[in-house]
Amino acid sequence: MPTAVLTDHERTAVQAYLRLLQTVRAALDAPPGSGRPPVVPPGALAEAERALAAAGLTGNEEAFFRMLRSWCPEV
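About the cut-offs
Numbers given to residues run from 1 along each chain, matching the order in which its sequence is written. The model is predicted, so local features are restricted to residues of pLDDT at least 70 and side-chain atom pairs to those at 80 or more, both for listing and for counting; the totals for chains, interfaces and linings are taken over all residues. The basis for every side-chain value is the complete set of heavy atoms in the structure, and neither hydrogens nor water enter the calculation. By convention, a stacked pair of Phe, Tyr or Trp rings (six-membered ring in the case of Trp) has centres within 6.5 Å and planes under 30 degrees apart, an edge-to-face pair has planes over 60 apart, and any other such pair is tilted. Numbering of helices and strands runs from the N terminus, with a helix taken as a DSSP run of H or I at least four residues long and a strand as a DSSP run of E at least two residues long. Burial status follows relative accessibility: with a 1.4 Å probe on protein chains alone, a residue under 20% of its type maximum counts as buried, one over 50% as exposed, and anything between as partly exposed. Here the nonpolar core consists of buried residues drawn from Ala, Val, Leu, Ile, Met, Phe, Trp, Tyr and Cys, with membership extended through side-chain atoms lying within 4.5 Å. Should any heavy atoms of two residues lie within 4.5 Å, those residues are considered in contact.

Thoughts on the packing of aromatic side chains
Using the criterion set out here, one finds three aromatic pairs in the structure. Relative to Phe64, the ring of Tyr17 lies with its centre 5.4 Å away and its plane at 75°, an arrangement referred to as edge-to-face. One end of the pair, Tyr17, is in helix α1 (residues 8–29); the other, Phe64, is in helix α3 (residues 61–71), with 47 residues separating them in the sequence. Exposure remark for Tyr17: the relative accessible area of 21% places this residue in the partly exposed category. For the ring pair Tyr17 and Phe65, a centre distance of 5.6 Å and an interplane angle of 85° mean the geometry is edge-to-face. Of this pair, Tyr17 sits in helix α1 while Phe65 sits in helix α3, and the two are 48 residues apart along the sequence. Taking the relative accessible area as the measure of exposure, Phe65 reaches 31% and is therefore partly exposed. Put simply, the rings of Tyr17, Phe64 and Phe65 touch in pairs and so form one group of aromatic residues.

As C-alpha cells, this is what we get:
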C-alpha cells in the first residue's frame with residue numbers, strides 16, 4: 001500500500017480528529033455514577049472543525065476518511 005503524504009493542514013486535521021475520537025471514547029467509557037457526563041467539550045469539536053476547514057475538507061467527509069484510513073488504518 002502506498003504511503004500517503006499529507007500536507008501540514010491535512011495532518012493537523014487528522015490529529016485533531018484523533019484527539020476528538022479519543023475524547024469521545026473516554027466520555028463514553030466513563031463508568032456509571034462516575035460523575036462524568038458523556039459530553040464532548042465544545043473546544044475539542046471546534047478544534048477539529050477549524051482543522052478540517054483549514055485543510056479544505058469541510059463537507060468532504062469521504063475524502064477525509066479515505067485520507068484518515070491511509071494514514072492511520074487502525075482507526
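Moving on, there is more to tell.
With respect to the nonpolar core
One finds Ala13, Val14, Leu18, Leu57, Phe64, Met67 and Leu68 to be the most contacted residues of the largest nonpolar core, which totals 16 residues. Contributions of two or more residues to this core are made by α1, α2 (42–54) and α3. Counting residues per element, this core draws most heavily on α1, at five residues. In this structure Phe64 touches Ala13, Val14, Tyr17, Leu52 and Leu57, once residues within four positions along its chain are discounted.

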